[in-house]
Amino acid sequence: MPRYEYRCRTCDNTFELSRPMAESSAPAACPAGHENSVKLLSTVSVGGTAAAPAPRAGGGGGGGCCGGGCCS
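Computed from a prediction, not measured in an experiment: that's the story for all the values here.

Asker: Is there a simple way to think about the pattern of salt bridges in this case?
Answerer: Think of it this way: side chains of opposite charge can pair up when their charged atoms draw near. Throughout the structure, instances matching the rule amount to two salt bridges. One salt bridge connects E16 with R3, and the closest N-O pair in it is separated by 2.9 Å. Of the two residues, E16 sits in strand β2 (residues 14-18) while R3 sits in strand β1 (residues 3-8), which places them 13 residues apart along the sequence. On the basis of relative accessible area, E16 is assigned to the partly exposed category, the value being 45%. D12 is paired through a salt bridge with R7; the nearest N and O atoms lie 3.5 Å apart. We classify D12 as exposed; its relative accessible area is 53%. Overall, R7 belongs to the partly exposed group, its relative accessible area being 29%.

See below:
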């Protein structure tokens, strides 16, 4: 279930809730019980490393945009 971040306009508290996507814009009470909150725009950060694929045995195949068929 997705997590959404909200900010209470009354106490300025920021909090997260897990709820279905269909309810993401529904009013959310802050932990202090205030009902006046706004959903924040969240950013997603994806990190990590990926290894390049290993060369195929026999060295065949080209690469690039056309697979080596028309590029010499």
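Asker: Whenever I open this one, the side chain of S24 confuses me. Can you help?
Answerer: Structurally, S24 can be placed in the loop between β2 and β3 (37-39). Residue S24 is classed as buried on the basis of its relative accessible area, which comes to 9%. Within the local environment of S24, its side chain forms a polar contact with the backbone oxygen of M21, the two atoms lying 3.1 Å apart. Within polar-contact distance, the side chain of S24 engages the side chain of K39 at 3.5 Å.

Procedures and definitions
- Residues numbered from 1 in each chain as written.
- Predicted model: local features only at pLDDT ≥ 70, side-chain atom pairs only at ≥ 80, totals over all residues.
- Heavy atoms only, no water.
- Salt bridge = Lys/Arg side-chain N within 4 Å of Asp/Glu carboxyl O.
- Helix = DSSP H or I, 4+ residues; strand = E, 2+ residues; numbered from the N terminus.
- Buried < 20%, exposed > 50% of the residue type's maximum accessible area, 1.4 Å probe, protein only.
- Polar contact = N/O pair within 3.5 Å; in protein donor to acceptor, adjacent residues only side chain to side chain.

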